[in-house]
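Okay, here's what each chain looks like letter by letter:
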Amino acid sequence: MSSAAEVGYEVSHSKAKSLFETYERKAELRNQTHYCPGCGHGVVHKMLARAIDELGIQDRTILVGPVGCSVFTYYYFDVGNVQAAHGRAPAVATAIKRSRPGGIVIGYQGDGDLSAIGSAEIIHAANRGENISVIFVNNAIYSMTGGQMAPTTLLGQKSTTTPDGRTAEHEGYPLHMSELLATLGAPVYIERVGLGDNKQIAQANRAIHRAVENQVRGLGFSLVEVLSPCPTIWKMPPVEAQRWVRDVMEKTFPLGVFADRTKERQPRPPLPEPPSLESIPGILGVEDGLPAAGRDERPAHFDLEIRASGFGGQGVLLLGEVLAEAGLDAGLEVSWLPSYGPEMRSGTSNCHIRLASEPIDSPLVTHPDVLVAMNEPSLKKFYSTVQADGWVLYNGAAIPAEYDRDDVHEIARDFTREADHLGDVRAANMVMLGALLEITSTLPQASVDAALKRCVSSARWFALDERAIERGRAIVREFKEEEMRHER
């Protein structure tokens, strides 16, 4: 077969280079997308790919794909691709752009994704004027999940959740995201376009190119809202759906430019250089260095997982915070994840702590090596999750019989009474921290002292907490001596 050039034809349109030559999502459908016939996403994809090609930025582009009908953008665009959780594309795009300022970061979102669960993210990204480009595909419905009402659903429009049509009285008015974002001072360019006919499509193509070009020029935040047909969920033939965009949707969502500051806006100044790794301990006020004895006592490779739990007001979170700060001081990989109820006191409170020699994959602790249970509800909730050969520290006279296990080490003591003997019942958390430190032997006392100074501002409490930690260590030593006597 002869090429177009060989027979004297000039190629005016061809597949964009920034789209994959074939699509590998399904082996039998390598030359077509998953979109329904007449869907606007395919048209918008082509426009965006063409803009990337024309601006020569394919090797710099990072596309942040959403949850929704366009969830498979990474199968179509031959650029950097990052998948974001539902609605979180602007937040993810912000992180990528700030960490890779030379990249061209494009968020691609639908109306259910951007204007519903992601409304906070898009508003704050726009308000900060992040130097990203956002393509907002608005088809006024939740298409992927079966046709529920979206924030942009028109008044009177039927959906699975508004079978008689949306009403202002019960469901509120359609949300006008372009107009809303245009009230902010930071966005450089916001335009609404449509796919209702060829004239609209030509304007949409220009707008998308401009939004991406603004980022290349470093001008700041740009968003293009695209009114798009959804024949399948609207239950219309493709041609009728396209006309509906032009004749019906446009009346609620008028097309036009809502913000254009490109002429007066100067390129955004670069972010300040991040501090060097060597300077971070000083910035955080963490002591640099660790006593050699402390490092020698610790295994070369370890990952200690701890769960501390109790009532709000018992100091559970402070216990975890001191552990985490001490781990940082000791040069460890650390995570501390608090979880607490809405009550100021007496509500549930627990935290996950991990101390490791290698980078930590997740802050969640589901099977702790050590459980610190400051009350019986905490023991009941987490006792069964402790790893075999792990430890349970319980603030009670004895472990209730129904919780007893043969494959874990248990220390039950009235730690609150121990703290009372030292001068204040509120130091029970530090007595239990001391017991934990003695059991694990992963942190030198110098690091614990340094962490305690940062977390406790009162000299009186610092002195009391130091005595409490030492009492906790002594309790474990007494426990181990008693175990050794029983073994003999």
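Residues numbered from 1 in each chain as written. Predicted model: local features only at pLDDT ≥ 70, side-chain atom pairs only at ≥ 80, totals over all residues. Heavy atoms only, no water.

Undergrad: Would you mind going over the packing of helix α1 (residues 40–55) against helix α7 (residues 198–216) with me for this structure?
TA: Helix-helix packing is described using two parameters, namely the angle between the two axes and the distance between the axes. The N-to-C vectors of α1 and α7 enclose an angle of 45°; their axes lie 9 Å apart at closest approach. Here α7 runs oblique to α1, going by the angle between their axes. In this structure, the crossing between α1 and α7 has a hand that is right-handed. Judged by residue contacts, V43, V44, M47, L48, R50, A51, E54 and L55 of α1 engage I201, A204, N205, I208, H209, V212, E213 and V216 from α7. Looking at the contact of α1 with α7 residue by residue, the classes come out as eleven nonpolar, two polar and three charged. (Axes fitted to C-alpha atoms, helices over the stretch in contact; angles between N-to-C directions. Helix = DSSP H or I, 4+ residues; strand = E, 2+ residues; numbered from the N terminus. Parallel < 35°, antiparallel > 145°, perpendicular 65-115°, else oblique. Left-handed = near helix turned anticlockwise from the far one by under 90°. Contact = heavy atoms within 4.5 Å. Nonpolar A, V, L, I, M, F, W, Y, C, P; charged D, E, K, R; others polar.)

Undergrad: Explain the sheet that holds strand β7 (residues 256–260) to me, please; I cannot follow it from the model alone.
TA: Sheets are built from strands that pair by backbone hydrogen bonding, the pairs being arranged parallel or antiparallel. Read across the open sheet, the seven strands follow the order β2-β1-β3-β4-β6-β5-β7; overall the sheet is mixed. Both edges of this open sheet fall to β2 (80–83) and β7, since each of them pairs with a single strand only. Taken pair by pair, the neighbouring strands of this sheet meet at an average axis angle of 15°, ignoring direction. Two strands pair when backbone bridges link them, and strand β1 (residues 61–65) and β2 are joined in this way by four bridges, in the parallel orientation. When the sheet's bridge partners are listed, V64 is paired in β2 with V82. Against the sheet, helix α2 (residues 89–99) contacts β1, β2 and β3 (104–110), and its axis sits at roughly 175° relative to β3. Packed onto the sheet, α7 meets β3, β4 (133–138), β5 (189–194), β6 (222–227) and β7 and runs at close to 155° relative to β5. (Pairing = 2+ DSSP bridges.)

Undergrad: How do you make sense of the packing of aromatic side chains when you look at a structure like this?
TA: The description of an aromatic ring pair uses the distance of the two centres, along with the angle that the planes make with each other. One pass over the structure, following the stated rule, counts eight aromatic pairs. Consider the rings of F72 and Y74, whose centres lie 6.2 Å apart with planes at 80°: the pair is edge-to-face. Ring pairing ties together the aromatic residues Y23, Y35 and Y76, which thus form one cluster. Cation over ring: R25 sits above F72, and NZ or CZ is 4.0 Å from the ring centre. One Lys or Arg, R460, reaches over the ring of W461 and ends 5.3 Å from the middle of that ring. (Phe/Tyr/Trp six-rings, centres within 6.5 Å; stacked < 30°, edge-to-face > 60°. Lys NZ or Arg CZ within 6 Å of the ring centre and 35° of its normal.)

Undergrad: Got a minute to help me understand the side chain of T153 in this structure?
TA: When you line up the elements, T153 lands in the loop between β4 and α5 (168–171). For T153, a relative accessible area of 0% gives the class buried. Within the local environment of T153, its side chain forms a polar contact with the backbone oxygen of A140, the two atoms lying 2.8 Å apart. If sequence neighbours within four positions are ignored, T153 has contacts with A140, I141, R166 and P174. (Buried < 20%, exposed > 50% of the residue type's maximum accessible area, 1.4 Å probe, protein only. Polar contact = N/O pair within 3.5 Å; in protein donor to acceptor, adjacent residues only side chain to side chain.)

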